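Structural overview for review
Read off the chains here:
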Amino acid sequence: LRYLTAGETHGPQLTAIIEGLPSQLELDFEALNFQLARRQKGYGRGRRMQIEKDTADIVGGVRHGYTTGAPVALVVANNDWKHWTKIMNIEPMEGTDEEKRRVHRPRPGHADLNGGLKYNHKDLRNVLERSSARETAIRVACGAVARQFLEAFGIKVAGQVIRIGEIVAPPHNLPLDELIAQTEESSVRVVDKETEQKMEAYIEQIKKEGDSIGGVVECIIEGVPVGLGSFVQYDRKLDARIAQAVMSINAFKGVEIGIGFEAGELRGSQVHDEILYNEERGYHRASNRLGGFEGGMTNGMPIVVRGVMKPIPTLYKPLQSVDIDTKEAFTAQVERSDACAVPAASVVLESVVAWEVAKAFLEKFGGDSMDEIRNNLKNYLTQVEQY
Ligand code: EPS
(Lines give C-alpha, C1' and ligand atoms only; values in the text may rest on other atoms or scores of the structure.)
Protein backbone atom coordinates (compact mmCIF):
# COMPACT_ATOMS: atom_id res chain seq x y z
CA LEU A 1 0.00 0.00 0.00
CA ARG A 2 1.45 3.34 -0.98
CA TYR A 3 0.49 6.79 -2.17
CA LEU A 4 2.05 9.78 -3.79
CA THR A 5 0.74 13.32 -3.79
CA ALA A 6 1.20 16.25 -6.14
CA GLY A 7 0.00 19.83 -6.23
CA GLU A 8 0.77 23.32 -4.95
CA THR A 9 -0.98 25.37 -2.29
CA HIS A 10 -2.21 27.99 -4.80
CA GLY A 11 -2.39 25.63 -7.78
CA PRO A 12 -5.64 24.21 -9.14
CA GLN A 13 -5.76 21.08 -6.98
CA LEU A 14 -4.03 18.50 -4.84
CA THR A 15 -3.87 15.01 -6.29
CA ALA A 16 -3.10 11.58 -4.85
CA ILE A 17 -2.84 8.08 -6.23
CA ILE A 18 -3.28 5.25 -3.76
CA GLU A 19 -2.01 1.89 -4.90
CA GLY A 20 -2.47 -1.47 -3.24
CA LEU A 21 -5.99 -1.22 -1.86
CA PRO A 22 -7.96 -4.46 -2.09
CA SER A 23 -11.22 -4.73 -3.99
CA GLN A 24 -14.63 -4.68 -2.26
CA LEU A 25 -13.78 -1.93 0.23
CA GLU A 26 -16.98 0.06 0.59
CA LEU A 27 -16.19 3.77 0.63
CA ASP A 28 -18.41 6.18 2.51
CA PHE A 29 -17.89 9.47 0.66
CA GLU A 30 -19.55 11.55 3.35
CA ALA A 31 -17.27 10.08 5.99
CA LEU A 32 -14.30 10.82 3.78
CA ASN A 33 -15.28 14.47 3.41
CA PHE A 34 -16.03 14.67 7.12
CA GLN A 35 -12.33 14.02 7.78
CA LEU A 36 -11.38 16.86 5.42
CA ALA A 37 -13.78 19.19 7.21
CA ARG A 38 -12.33 18.19 10.60
CA ARG A 39 -8.87 19.28 9.42
CA GLN A 40 -10.19 22.70 8.40
CA LYS A 41 -11.62 23.46 11.83
CA GLY A 42 -9.92 24.58 15.00
CA TYR A 43 -9.48 27.79 16.90
CA GLY A 44 -6.60 29.87 15.58
CA ARG A 45 -6.91 29.21 11.86
CA GLY A 46 -6.43 32.15 9.47
CA ARG A 47 -8.34 33.63 6.52
CA ARG A 48 -7.39 30.95 3.99
CA MET A 49 -9.65 28.44 5.70
CA GLN A 50 -12.64 30.72 5.01
CA ILE A 51 -11.87 30.42 1.30
CA GLU A 52 -11.48 26.64 1.17
CA LYS A 53 -14.30 24.10 1.58
CA ASP A 54 -12.37 20.91 1.09
CA THR A 55 -13.99 17.87 -0.47
CA ALA A 56 -12.36 14.90 -2.20
CA ASP A 57 -13.33 13.82 -5.69
CA ILE A 58 -12.56 10.21 -6.50
CA VAL A 59 -11.53 9.97 -10.14
CA GLY A 60 -10.34 6.37 -10.40
CA GLY A 61 -10.45 2.93 -8.79
CA VAL A 62 -13.98 3.09 -7.35
CA ARG A 63 -17.21 1.90 -8.93
CA HIS A 64 -20.71 1.90 -7.45
CA GLY A 65 -19.29 2.73 -4.02
CA TYR A 66 -16.66 -0.01 -3.84
CA THR A 67 -12.96 -0.16 -4.66
CA THR A 68 -12.17 -2.34 -7.66
CA GLY A 69 -8.56 -3.15 -6.73
CA ALA A 70 -7.25 -0.60 -9.25
CA PRO A 71 -5.31 2.48 -8.04
CA VAL A 72 -7.61 4.97 -6.34
CA ALA A 73 -7.13 8.55 -7.59
CA LEU A 74 -8.22 11.43 -5.37
CA VAL A 75 -8.48 15.15 -6.05
CA VAL A 76 -8.98 18.02 -3.60
CA ALA A 77 -9.56 21.33 -5.38
CA ASN A 78 -8.12 24.64 -4.14
CA ASN A 79 -10.82 27.31 -4.16
CA ASP A 80 -8.11 29.96 -3.75
CA TRP A 81 -6.75 28.97 -7.19
CA LYS A 82 -9.09 31.43 -8.91
CA HIS A 83 -7.07 34.28 -7.37
CA TRP A 84 -3.77 32.76 -8.57
CA THR A 85 -4.49 31.54 -12.11
CA LYS A 86 -1.92 33.84 -13.73
CA ILE A 87 0.71 33.62 -11.01
CA MET A 88 0.52 29.81 -10.91
CA ASN A 89 0.01 29.27 -14.64
CA ILE A 90 2.00 26.38 -16.10
CA GLU A 91 2.54 28.39 -19.31
CA PRO A 92 5.45 30.88 -19.47
CA MET A 93 4.38 34.27 -18.14
CA GLU A 94 5.52 37.76 -19.09
CA GLY A 95 5.49 40.41 -16.41
CA THR A 96 7.31 42.06 -13.56
CA ASP A 97 8.47 40.27 -10.41
CA GLU A 98 5.59 41.97 -8.66
CA GLU A 99 3.07 40.55 -11.12
CA LYS A 100 4.62 37.09 -10.78
CA ARG A 101 4.60 37.49 -7.02
CA ARG A 102 8.25 36.44 -7.05
CA VAL A 103 9.48 35.64 -3.55
CA HIS A 104 13.09 36.64 -2.85
CA ARG A 105 12.85 37.07 0.88
CA PRO A 106 13.13 33.67 2.61
CA ARG A 107 11.03 33.27 5.74
CA PRO A 108 12.83 31.84 8.78
CA GLY A 109 11.50 28.43 9.78
CA HIS A 110 10.14 27.64 6.31
CA ALA A 111 11.66 25.53 3.52
CA ASP A 112 12.26 28.72 1.45
CA LEU A 113 16.02 29.24 1.73
CA ASN A 114 17.16 25.60 1.83
CA GLY A 115 14.80 24.75 -1.02
CA GLY A 116 15.97 27.74 -3.08
CA LEU A 117 19.62 26.81 -2.63
CA LYS A 118 18.99 23.12 -3.32
CA TYR A 119 16.82 23.47 -6.45
CA ASN A 120 18.62 26.64 -7.60
CA HIS A 121 15.40 28.68 -7.69
CA LYS A 122 15.66 32.46 -7.67
CA ASP A 123 11.91 32.59 -7.13
CA LEU A 124 11.28 31.04 -3.73
CA ARG A 125 7.60 30.69 -4.62
CA ASN A 126 8.67 27.50 -6.45
CA VAL A 127 9.61 26.12 -3.03
CA LEU A 128 6.91 27.50 -0.76
CA GLU A 129 4.05 26.46 -3.04
CA ARG A 130 4.86 22.79 -2.57
CA SER A 131 6.28 22.89 0.96
CA SER A 132 3.07 24.49 2.28
CA ALA A 133 1.06 22.55 4.83
CA ARG A 134 -1.85 22.76 2.40
CA GLU A 135 -0.58 19.35 1.24
CA THR A 136 -1.90 17.84 4.47
CA ALA A 137 -5.43 18.17 3.00
CA ILE A 138 -4.75 15.39 0.49
CA ARG A 139 -2.87 13.34 3.08
CA VAL A 140 -5.96 13.47 5.27
CA ALA A 141 -8.02 12.26 2.28
CA CYS A 142 -5.68 9.26 1.89
CA GLY A 143 -5.76 8.70 5.65
CA ALA A 144 -9.57 8.76 5.53
CA VAL A 145 -9.51 5.85 3.08
CA ALA A 146 -7.09 3.96 5.36
CA ARG A 147 -9.35 4.72 8.30
CA GLN A 148 -12.36 3.21 6.51
CA PHE A 149 -10.31 0.13 5.69
CA LEU A 150 -9.36 -0.26 9.38
CA GLU A 151 -12.96 0.35 10.50
CA ALA A 152 -14.05 -2.60 8.35
CA PHE A 153 -11.99 -4.74 10.76
CA GLY A 154 -13.27 -3.04 13.92
CA ILE A 155 -10.21 -0.81 14.36
CA LYS A 156 -10.97 2.71 15.61
CA VAL A 157 -8.88 5.86 15.31
CA ALA A 158 -9.10 8.89 17.62
CA GLY A 159 -7.09 12.00 18.34
CA GLN A 160 -6.82 14.81 20.83
CA VAL A 161 -4.83 17.92 21.61
CA ILE A 162 -2.60 17.48 24.66
CA ARG A 163 -0.95 20.89 24.83
CA ILE A 164 -1.06 24.29 23.15
CA GLY A 165 1.93 26.34 24.30
CA GLU A 166 1.72 26.74 28.07
CA ILE A 167 -1.75 25.20 28.39
CA VAL A 168 -1.87 21.46 29.03
CA ALA A 169 -5.05 19.34 28.94
CA PRO A 170 -5.55 17.27 32.11
CA PRO A 171 -5.36 13.47 31.69
CA HIS A 172 -8.62 11.48 31.53
CA ASN A 173 -9.77 7.90 31.17
CA LEU A 174 -12.62 8.26 28.71
CA PRO A 175 -13.55 5.32 26.50
CA LEU A 176 -12.53 5.90 22.89
CA ASP A 177 -16.06 6.58 21.57
CA GLU A 178 -16.59 9.21 24.26
CA LEU A 179 -13.24 10.78 23.48
CA ILE A 180 -14.16 10.95 19.79
CA ALA A 181 -17.58 12.50 20.54
CA GLN A 182 -16.29 15.07 23.03
CA THR A 183 -13.23 16.25 21.11
CA GLU A 184 -15.47 16.70 18.06
CA GLU A 185 -17.47 19.26 20.06
CA SER A 186 -14.35 21.18 21.05
CA SER A 187 -12.84 24.14 19.18
CA VAL A 188 -9.37 22.96 20.18
CA ARG A 189 -9.99 19.18 20.28
CA VAL A 190 -9.77 18.72 24.03
CA VAL A 191 -12.23 17.04 26.40
CA ASP A 192 -12.00 19.47 29.32
CA LYS A 193 -14.12 22.61 28.81
CA GLU A 194 -12.02 24.77 31.13
CA THR A 195 -8.88 23.85 29.20
CA GLU A 196 -10.70 24.71 25.97
CA GLN A 197 -11.46 28.21 27.25
CA LYS A 198 -7.91 28.70 28.47
CA MET A 199 -6.50 27.56 25.14
CA GLU A 200 -8.80 29.89 23.17
CA ALA A 201 -7.83 32.87 25.33
CA TYR A 202 -4.18 31.93 25.05
CA ILE A 203 -4.36 31.71 21.23
CA GLU A 204 -6.10 35.13 21.15
CA GLN A 205 -3.28 36.59 23.22
CA ILE A 206 -0.61 35.06 20.97
CA LYS A 207 -2.44 36.40 17.90
CA LYS A 208 -2.67 39.91 19.37
CA GLU A 209 1.05 39.85 19.92
CA GLY A 210 1.59 38.97 16.25
CA ASP A 211 3.04 35.63 17.25
CA SER A 212 2.21 31.95 16.68
CA ILE A 213 2.09 28.88 18.91
CA GLY A 214 2.57 25.13 18.57
CA GLY A 215 1.64 22.17 20.73
CA VAL A 216 1.41 18.45 21.28
CA VAL A 217 -1.20 16.14 19.72
CA GLU A 218 -2.03 12.50 20.35
CA CYS A 219 -3.45 9.66 18.27
CA ILE A 220 -4.97 6.52 19.77
CA ILE A 221 -5.86 3.43 17.73
CA GLU A 222 -7.86 0.64 19.34
CA GLY A 223 -8.63 -2.87 18.12
CA VAL A 224 -5.29 -3.54 16.43
CA PRO A 225 -4.34 -7.24 16.49
CA VAL A 226 -1.07 -8.38 18.04
CA GLY A 227 1.86 -8.82 15.66
CA LEU A 228 1.69 -5.96 13.11
CA GLY A 229 5.23 -4.90 12.19
CA SER A 230 8.27 -7.00 13.01
CA PHE A 231 11.43 -7.02 15.12
CA VAL A 232 13.44 -8.88 12.46
CA GLN A 233 14.47 -5.89 10.32
CA TYR A 234 14.80 -2.14 11.03
CA ASP A 235 12.44 -1.09 8.28
CA ARG A 236 9.71 -3.51 9.35
CA LYS A 237 9.38 -2.07 12.86
CA LEU A 238 5.96 -0.46 12.81
CA ASP A 239 6.69 2.05 15.59
CA ALA A 240 9.68 3.24 13.53
CA ARG A 241 7.55 3.65 10.42
CA ILE A 242 4.96 5.57 12.40
CA ALA A 243 7.72 7.85 13.70
CA GLN A 244 8.78 8.59 10.13
CA ALA A 245 5.22 9.34 9.10
CA VAL A 246 4.69 11.69 12.05
CA MET A 247 7.94 13.55 11.40
CA SER A 248 6.86 14.04 7.80
CA ILE A 249 3.91 16.21 8.84
CA ASN A 250 4.72 19.85 8.18
CA ALA A 251 6.15 21.64 11.25
CA PHE A 252 6.45 18.48 13.39
CA LYS A 253 9.65 18.32 15.42
CA GLY A 254 9.28 15.22 17.56
CA VAL A 255 7.39 12.00 18.13
CA GLU A 256 6.73 9.73 21.11
CA ILE A 257 5.20 6.27 21.43
CA GLY A 258 3.40 5.72 24.76
CA ILE A 259 5.21 7.53 27.58
CA GLY A 260 8.01 8.32 25.11
CA PHE A 261 10.72 10.57 26.54
CA GLU A 262 9.44 10.05 30.06
CA ALA A 263 10.86 6.52 29.81
CA GLY A 264 14.29 8.09 30.24
CA GLU A 265 13.36 9.40 33.70
CA LEU A 266 11.71 6.31 35.19
CA ARG A 267 12.90 2.92 36.45
CA GLY A 268 12.21 -0.30 34.56
CA SER A 269 9.66 -1.35 37.14
CA GLN A 270 7.77 1.90 36.50
CA VAL A 271 7.85 1.58 32.73
CA HIS A 272 7.19 -1.99 31.59
CA ASP A 273 3.66 -3.28 31.24
CA GLU A 274 3.10 -6.54 33.10
CA ILE A 275 1.66 -9.48 31.15
CA LEU A 276 -1.70 -10.96 32.18
CA TYR A 277 -3.87 -13.74 30.78
CA ASN A 278 -7.54 -14.64 31.05
CA GLU A 279 -9.95 -16.68 28.93
CA GLU A 280 -11.91 -13.67 27.71
CA ARG A 281 -9.09 -11.33 26.67
CA GLY A 282 -6.26 -13.83 26.17
CA TYR A 283 -2.84 -12.24 26.73
CA HIS A 284 -2.94 -8.57 27.62
CA ARG A 285 -1.03 -5.98 29.63
CA ALA A 286 -1.78 -4.56 33.06
CA SER A 287 -0.97 -1.05 31.77
CA ASN A 288 -0.07 0.57 28.43
CA ARG A 289 2.93 2.77 29.09
CA LEU A 290 4.69 1.44 26.00
CA GLY A 291 1.85 2.66 23.79
CA GLY A 292 0.93 -0.66 22.19
CA PHE A 293 4.44 -1.61 20.99
CA GLU A 294 7.12 -4.04 22.09
CA GLY A 295 9.89 -5.11 19.71
CA GLY A 296 8.56 -2.96 16.87
CA MET A 297 5.36 -5.04 16.86
CA THR A 298 1.87 -4.27 18.09
CA ASN A 299 1.08 -6.09 21.34
CA GLY A 300 -2.70 -5.83 21.10
CA MET A 301 -2.96 -2.85 23.44
CA PRO A 302 -4.09 0.51 22.00
CA ILE A 303 -1.49 2.32 19.89
CA VAL A 304 -0.68 5.70 21.46
CA VAL A 305 1.41 8.18 19.47
CA ARG A 306 2.22 11.80 20.25
CA GLY A 307 3.73 14.41 18.00
CA VAL A 308 4.94 17.93 18.69
CA MET A 309 4.27 20.75 16.25
CA LYS A 310 6.44 23.85 16.28
CA PRO A 311 4.76 27.27 16.09
CA ILE A 312 3.85 28.20 12.51
CA PRO A 313 6.82 30.17 11.17
CA THR A 314 4.78 32.78 9.27
CA LEU A 315 4.59 35.56 11.87
CA TYR A 316 3.00 39.00 11.89
CA LYS A 317 5.74 39.92 14.32
CA PRO A 318 8.69 40.39 11.97
CA LEU A 319 11.70 38.08 12.16
CA GLN A 320 15.01 38.93 10.58
CA SER A 321 16.19 37.34 7.36
CA VAL A 322 18.35 38.13 4.31
CA ASP A 323 17.15 39.09 0.82
CA ILE A 324 18.59 36.64 -1.77
CA ASP A 325 18.94 39.45 -4.39
CA THR A 326 20.72 42.09 -2.32
CA LYS A 327 22.04 39.92 0.56
CA GLU A 328 20.75 42.67 2.81
CA ALA A 329 18.90 42.13 6.04
CA PHE A 330 15.15 42.73 6.09
CA THR A 331 12.28 42.01 8.42
CA ALA A 332 9.43 40.02 6.87
CA GLN A 333 5.98 41.42 6.08
CA VAL A 334 3.11 38.95 6.38
CA GLU A 335 -0.14 38.92 4.40
CA ARG A 336 -2.04 36.22 6.27
CA SER A 337 -1.27 33.33 8.56
CA ASP A 338 -2.70 30.92 11.11
CA ALA A 339 -1.78 31.76 14.71
CA CYS A 340 -2.27 28.14 15.72
CA ALA A 341 -2.98 25.03 13.66
CA VAL A 342 -2.53 22.46 16.43
CA PRO A 343 -6.19 21.22 16.43
CA ALA A 344 -5.92 20.64 12.66
CA ALA A 345 -2.56 18.90 13.15
CA SER A 346 -4.29 16.46 15.46
CA VAL A 347 -6.45 15.31 12.51
CA VAL A 348 -3.37 15.06 10.28
CA LEU A 349 -1.62 12.94 12.93
CA GLU A 350 -4.59 10.55 13.07
CA SER A 351 -4.51 10.28 9.29
CA VAL A 352 -0.83 9.45 8.89
CA VAL A 353 -0.79 6.96 11.79
CA ALA A 354 -3.94 5.26 10.44
CA TRP A 355 -2.20 4.98 7.07
CA GLU A 356 0.86 3.21 8.53
CA VAL A 357 -1.30 0.82 10.53
CA ALA A 358 -3.44 0.01 7.46
CA LYS A 359 -0.28 -0.61 5.46
CA ALA A 360 1.15 -2.99 8.08
CA PHE A 361 -2.25 -4.69 8.38
CA LEU A 362 -2.29 -5.33 4.64
CA GLU A 363 1.27 -6.65 4.73
CA LYS A 364 0.29 -9.18 7.36
CA PHE A 365 -3.16 -10.20 6.13
CA GLY A 366 -2.71 -9.12 2.53
CA GLY A 367 -5.06 -10.27 -0.16
CA ASP A 368 -6.61 -8.75 -3.24
CA SER A 369 -10.15 -8.58 -1.93
CA MET A 370 -11.69 -7.72 1.44
CA ASP A 371 -13.03 -11.30 1.66
CA GLU A 372 -9.56 -12.77 1.27
CA ILE A 373 -8.18 -10.43 3.95
CA ARG A 374 -11.06 -11.28 6.31
CA ASN A 375 -10.27 -14.98 5.96
CA ASN A 376 -6.56 -14.43 6.55
CA LEU A 377 -7.30 -12.38 9.67
CA LYS A 378 -9.73 -14.98 10.96
CA ASN A 379 -7.20 -17.81 10.59
CA TYR A 380 -4.53 -15.78 12.35
CA LEU A 381 -6.82 -14.78 15.22
CA THR A 382 -7.73 -18.46 15.72
CA GLN A 383 -4.04 -19.32 15.81
CA VAL A 384 -3.40 -16.58 18.39
CA GLU A 385 -6.36 -17.71 20.46
CA GLN A 386 -5.12 -21.30 20.53
CA TYR A 387 -1.52 -20.34 21.34
C1 EPS B 1 0.39 27.58 4.82
C2 EPS B 1 0.00 28.91 4.71
C3 EPS B 1 -1.42 29.30 4.66
C4 EPS B 1 -2.26 28.22 5.30
C5 EPS B 1 -1.93 26.91 4.60
C6 EPS B 1 -0.56 26.49 4.96
O7 EPS B 1 -1.88 29.40 3.34
P8 EPS B 1 -1.77 30.77 2.48
O9 EPS B 1 -0.31 30.93 2.20
O10 EPS B 1 -2.57 30.51 1.23
O11 EPS B 1 -2.34 31.86 3.34
O12 EPS B 1 -3.62 28.53 5.24
O13 EPS B 1 -2.81 25.89 4.98
C14 EPS B 1 -3.80 25.54 4.12
C15 EPS B 1 -4.09 26.18 3.02
C16 EPS B 1 -4.53 24.36 4.57
O17 EPS B 1 -5.42 23.88 3.85
O18 EPS B 1 -4.22 23.87 5.68
C19 EPS B 1 1.82 27.22 4.82
O20 EPS B 1 2.67 28.07 4.49
O21 EPS B 1 2.19 26.09 5.18
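The residue numbering used here restarts from 1 in each chain and proceeds along that chain's sequence as written. With the structure being a predicted model, the display of local features is reserved for residues of pLDDT at least 70 and the display and counting of side-chain atom pairs for 80 or more, all residues being used for whole-chain, interface and lining totals. Excluding hydrogens and water, the side-chain values take into account all heavy atoms of the structure.

Topic: the site of the ligand
Our working definition: To be near a molecule or strand, a residue needs just one of its heavy atoms within 4 Å of it. Polar contacts here mean pairs of N or O atoms no more than 3.5 Å apart (in protein, one a potential hydrogen donor and the other a potential acceptor; neighbouring residues in sequence count only if both atoms are side-chain atoms). The method behind every accessible area is Shrake-Rupley, applied with a 1.4 Å probe, and residues are considered shielded solely by the protein chains displayed.
Near the ligand the following residues occur: His10, Arg39, Arg45, Arg48, Met49, His110, Ser132, Ala133, Arg134 and Arg336. In the environment of the ligand, an oxygen atom lies 2.8 Å from a nitrogen or oxygen atom belonging to the backbone of Ala133. Interatomic distance of 2.8 Å between a side-chain N/O atom of Arg134 and an oxygen atom of the ligand. Contact with the protein chains covers 84% of the free accessible surface of the ligand, which is 470 Å².

Quick word on the nonpolar core
Soluble globular proteins: nonpolar side chains tend toward being buried together. The condition is simple: Take the buried residues of types Ala, Val, Leu, Ile, Met, Phe, Trp, Tyr and Cys, join any two whose side-chain atoms come within 4.5 Å, and each joined set is a nonpolar core. A 1.4 Å probe rolled over the protein chains alone gives each residue an accessible area, and that area as a share of the maximum for its type sets the label: buried under 20%, exposed over 50%, partly exposed in between. Starting at the N terminus, helices and strands are each numbered in turn, a helix being any DSSP run of H or I of at least four residues and a strand any DSSP run of E of at least two. We call two residues in contact whenever any of their non-hydrogen atoms come within 4.5 Å of each other.
Judged by nonpolar contacts, the single largest core of 76 residues is most densely connected at Leu74, Phe149, Ile164 and Val353. When residues of this core are assigned to their parent elements, the largest contribution, 15 residues, is made by helix 11 (residues 342–365). For Ile164, the contacting residues outside a window of four places in its chain are Val188, Met199, Tyr202, Ile203, Ile213, Gly214, Gly215, Cys340, Val342 and Pro343.

So, the environment of Pro106
You can see Pro106 is positioned in the loop between helix 3 (97–100) and helix 4 (112–119). Owing to a relative accessible area of 4%, Pro106 belongs among the buried residues under this scheme. Separated by 214 residues in the primary sequence, Pro106 and Gln320 place their C-alpha atoms 9.7 Å from one another. Those residues in contact with Pro106 that sit more than four places away from it in its chain are Asp112, Leu113, Leu124, Ser321, Val322, Ile324 and Phe330.

Quick word on the sheet that holds strand 1 (residues 2–6)
Basically, it comes down to this: Strands were regarded as paired on the criterion that DSSP finds at least two bridges between them. Every axis corresponds to a line fitted to the C-alpha atoms, with the helix fit spanning only the stretch in contact, and the corresponding angles, defined between N-to-C directions, vary from 0 to 180 degrees.
Pairing is antiparallel in the open sheet, where four strands are placed in the order 1-2-6-3. The outermost strands of the open sheet, each flanked by one partner alone, are strand 1 and strand 3 (56–60). Each adjacent strand pair in this sheet contributes to an overall mean axis angle of 20°, direction not counted. Where strand 3 and strand 6 (residues 72–77) come together, four bridges link them in antiparallel fashion. Following the sheet pairing, Ala56 is matched in strand 6 by Val76. Running over the sheet, helix 1 (residues 29–40) touches strand 3 and strand 6 and is turned about 130° from strand 3. Across the face of the sheet, helix 6 (residues 136–151) comes into contact with strand 1, strand 2 (13–19), strand 3 and strand 6 while running at roughly 30° to strand 2.

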